[in-house]
Amino acid sequence: MKKEPIYVTQPSMPELDDFIPYLKEIWGSKWLTNNGKFHKQLEDSLCEYLGVKYLSLFSNGTLALITALQTLRITGEVITTPFSFVATTHAIHWNGIKPVFCDIEPEFMTLDADKIESAITPKTTAILPVHIYGNPCNVDRISKIADTYGLKVIYDACHAFGVEINGKSVLEFGELSVLSFHATKVFTTFEGGAIISHDEKTKKRVDFLKNFGFADEETVVAPGINAKMSEVQSAFGLLQLKSINDVILKRKEKYDLYRKLLEGRDGIRFLDYRTSVKPNYAYIPVFINEKVFGKSRDKIYNDLRDEEIYARKYFYPLISQFPSYKNLPSASKENLPVAEDICREVLCMPLYPNLDNKDIKKIVDIIIK
Ligand code: T4K
């Protein structure tokens, strides 16, 4: 029998039968969207699960990022990382703000706090770092820099569902954090996302902005957008949440197996989590140094594809290499030497709870053969 292709990820689906009662309730109530019952329940349940006070659901992470910048009225220039999914910088661009790229740390691949200050200009109003692969940024250093220069910090936490530092949610840092619940994420609502804020007033502004700016039937307080999550998606989220601890545990088992089989080989490196981090095992990026390992990242990528195994080069090319951004002064190769190297070495391996251990062994064999 022909084997199914293996993709970089696969959503963990609950039993369809378990979803039917939710659908029946939605059908019965005819309440499909706009802050319905399941929407409210999911916001409360996520606050509890994630250990945060205020969370606003969104239709996706990109609109949540765009709205986060609107919420804080960010203008001028925003310092960000080129090593991320392109939506991070697009959100800045869609707000008419100039992105300023800053290099990343070689060890953790998050924004290099040592290089942020030299990117600040009189026009800088905010920093938009990314907890890449769910590994937290240097949050303490970034907070200090932001305080010193009077800047806001919005974290792109799209990979960081459930991640903690020293027992505290990573979503507690910065003025706002943004999650994605896309089908490829650890926790999913098909499409979806959220903004985490720290006070009721800000949460209210976020909620107005994601609903066209309506404060009530006759009052529009700002030029908002439509970025609401529907009842079907919210219900799916409630069901997903029931198995999330199991999902993360299974991801860890697969993650550990990759590391056991591949660790210690010259020219192959894994991303180490910062100390005191509780990870979510969202991704397993492997960094291949061609000169030392003797085989390039692209050769391994192609060898795997020949076997219908679709590892992904997250995140290559750098955002700064795309036509919309490559002419910015901060996009130059000289400004981003670490990110330029890392993006040529990285390959994210398939990782999801239902991935067969035999397939992991096969993937490792293809890499090392
Ligand atoms: N910030 C960061 C740091 C992000 O990583 C993202 C999204 C965002 C912001 C924006 O959040 P959203 O607006 O998306 O909520 C995927 C996702 O579409 C994207 O959400 C994600 N980051 C990015 C890292 O990965 P693609 O273009 O690589 O997806 P795609 O369609 O190639 O899917 C990858 C694999 O996943 C497929 O080969 C098979 C599997 N898959 C995919 C889908 C959609 C499934 O098994 N089922 C599915 O339904 O971008």
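Since we're looking at a predicted model, the values are computed, not measured.

S.K.: An account of the overall build of the chain is requested, with residue identities and associated values reported.
M.R.: A tally of regular secondary structure across the chain gives 13 helices and 17 strands. A compact globule built from 369 residues would reach a C-alpha radius of gyration of about 21 Å, and the chain, at 21 Å, matches this within 12%. Taken along the three principal axes of its C-alpha coordinates, the chain extends 65 × 55 × 40 Å. Buried positions account for 56% of the 369 residues belonging to the chain. At a minimum sequence separation of 6, the contacts of the chain that also span at least 24 residues come to 70%. Carbon and sulfur atoms make up 52% of the accessible area of the chain, which amounts to about 17,000 Å² in all. Positive and negative side-chain charges of the chain, numbering 47 and 48 respectively, have mean locations separated by a distance of 2 Å.

S.K.: Help me get a handle on the domain arrangement of the chain, residues and values and all.
M.R.: Many authors give the size of an interface as the accessible area that is lost as the parts come together. The domain boundaries assigned to the chain delineate domain 1 (16-103 + 110-242) and domain 2 (244-368). Each of domain 1 and domain 2 was reduced to a C-alpha centroid, and the two centroids are 25 Å apart. Contacts between domain 1 and domain 2 engage 40 residues on the former and 37 residues on the latter. Together domain 1 and domain 2 conceal approximately 3,200 Å² of surface at their shared face, both sides included; 61% is due to carbon and sulfur atoms. Sorting the residues of domain 1 by area buried against domain 2 places F101, Y133 and V186 first, and these three jointly supply 25% of that buried surface. Linking domain 1 to domain 2 there are 1 salt bridge. With a closest N to O distance of 3.8 Å, E164 and K278 form a salt bridge. Applying the counting criterion to the domain 1 and domain 2 interface returns 18 residue pairs in polar contact (both at pLDDT 80 or more). Contributing elements (two or more residues each) for the side of domain 1 that touches domain 2: α4 (87-94), β4 (98-101), β7 (164-165) and α8 (231-242).

S.K.: Could you give an account of the site of the ligand, with specific residues and numbers?
M.R.: If you check the shell around the ligand, you find 27 residues, and the closest are T62, D156, H159, S180 and Y314. At a separation of 2.6 Å, an oxygen atom of the ligand approaches a polar side-chain atom of T62. Within the contact set of the ligand, an oxygen atom lies 2.7 Å away from a side-chain nitrogen or oxygen of H159. Those elements giving two or more residues to the shell around the ligand turn out to be α3 (61-71) and α4. By residue class, the composition of the shell around the ligand is 12 nonpolar, 12 polar and 3 charged.

S.K.: Just give me the short version of a nonpolar patch on the surface, but keep the residues and values in it.
M.R.: Residues F212, F214 and V220 make up a contiguous nonpolar surface patch of roughly 260 Å² in combined accessible area. With respect to the helices and strands, the residue F212 is situated in the loop between α7 (200-209) and β11 (214-216).

S.K.: Any details on the packing of aromatic side chains? Residues and values, ideally.
M.R.: Summed over all chains, the structure comprises 21 aromatic pairs. Pairing Y283 with Y314 gives two aromatic rings, centres 6.1 Å apart and planes at 90 degrees, and the pair type is edge-to-face. Linking Y283 in the loop between β14 (277-278) and β15 (285-288) with Y314 in the loop between β16 (309-310) and α12 (337-345), this pair joins segments that are 31 residues apart in sequence. In this pair, the class of Y283 matches that of Y314, namely buried. In textbook terms, an aromatic cluster arises when at least three aromatic residues are bridged by ring pairs, as seen for F83, F85, Y133, Y283, Y314 and F315. Here the basic side chain of R297 rests over the ring of Y316, its NZ or CZ set 4.8 Å away from the ring centre. The residue whose ring lies beneath K313 is Y301, and the NZ or CZ to ring-centre distance is 4.2 Å.

S.K.: So what about the side chain of T110? Which residues, and what values?
M.R.: Topologically, T110 is positioned in the loop between β4 and α5 (113-116). For T110, the side chain forms a polar contact with the side chain of E105, separated by 2.7 Å. When residues no more than four places from it in sequence are discounted, the contact partners of T110 are I104, E105, V130, I132, N135, P136, C137 and R274.

S.K.: I'd like to hear about the side chain of E340, residue by residue, with values.
M.R.: Here E340 lies in helix α12. A relative accessible area of 7% places E340 in the buried class. Once residues within four sequence positions are removed from consideration, E340 is found in contact with L318, Q321 and K333.

S.K.: Could you give an account of the sheet that holds β15, naming the residues involved and the relevant values?
M.R.: Strand pairing in a sheet takes place through backbone hydrogen bonds and is either antiparallel or parallel in direction. Taking strand neighbours across the sheet as the criterion, the 3 strands line up as β13-β15-β17 in an open arrangement whose pairing is antiparallel. Of all strands in the sheet, those with a lone pairing partner are β13 (268-270) and β17 (346-348), marking the two edges. The sheet shows a mean angle of 30 degrees between the axes of neighbouring strands, direction not considered. Sheet topology note: the β13/β15 ladder contains 3 bridges and is antiparallel. Residue R269 lies in a different strand from β15, and its bridge partner there is F287. This element, α12, spans β13, β15 and β17 of the sheet and lies at about 45 degrees to β17.

Criteria and thresholds
Numbering of residues starts from 1 in each chain and follows the order in which that chain's sequence is written. Local features in this predicted model are restricted to residues whose pLDDT is 70 or higher, and side-chain atom pairs enter the listing and the counts only when it is 80 or higher, whereas totals over whole chains, interfaces and linings include all residues. The side-chain values count all of the structure's non-hydrogen atoms but skip hydrogen atoms and water molecules. Secondary structure elements are defined from DSSP: runs of H or I of at least 4 residues count as helices, runs of E of at least 2 residues count as strands, and each element is numbered from the N terminus. A radius of gyration in this sense is built from C-alpha atoms; the matching globule rule multiplies 2.2 Å by the number of residues raised to 0.38. Remark: exposure states derive from per-residue accessible area (1.4 Å probe, protein chains only) relative to the maximum for the residue type, with buried under 20%, exposed over 50%, and partly exposed in between. Only heavy atoms enter the contact rule, under which two residues are in contact if any of them lie within 4.5 Å. Values of accessible area rely on a 1.4 Å probe in the Shrake-Rupley scheme; residue burial ignores everything except the protein chains shown. Think of it this way: Lys and Arg go in the positive column, Asp and Glu in the negative one, and His and the chain ends go nowhere. Charge coordinates come from a single atom per side chain, which is NZ of Lys, CZ of Arg, CG of Asp or CD of Glu. As used throughout, domain bounds are those supplied by an automatic or database domain assignment. The buried area of a pairing is the accessible area, by a 1.4 Å probe, that goes missing from both parts when the two are put together, added over both. Each salt bridge in this description consists of a side-chain nitrogen of Lys or Arg and a carboxyl oxygen of Asp or Glu lying within 4 Å of one another. Definition of a polar contact: a pair of N or O atoms within 3.5 Å, with one able to donate and the other able to accept a hydrogen when the atoms are protein atoms, and with sequence-neighbouring residues admitted only if both atoms are side-chain atoms. Neighbouring residues are identified by heavy atoms, a residue being near a molecule or strand if any of them is within 4 Å of it. Residues are grouped as follows: Ala, Val, Leu, Ile, Met, Phe, Trp, Tyr, Cys and Pro are nonpolar; Asp, Glu, Lys and Arg are charged; every other residue, Gly included, is polar. For patch building, the residue pool is restricted to those with more than 30% relative accessible area and no salt bridge; the joining distance is 9 Å between like charges and 5 Å between nonpolar side chains (Val, Leu, Ile, Met, Phe, Trp, Tyr). Pairing of aromatic rings covers Phe, Tyr and Trp, the last counted by its six-membered ring, and requires centre-to-centre distances within 6.5 Å; plane angles under 30 degrees mean stacked, over 60 mean edge-to-face, and any other angle means tilted. Only Lys NZ and Arg CZ are tested; either one counts as a charge over a ring when it is within 6 Å of the ring centre and within 35 degrees of the ring normal. Should DSSP find at least two bridges between two strands, the strands are regarded as paired. Every angle, taken between N-to-C directions, lies between 0 and 180 degrees, and every axis is a line fitted to C-alpha atoms, over only the stretch in contact when it is a helix.

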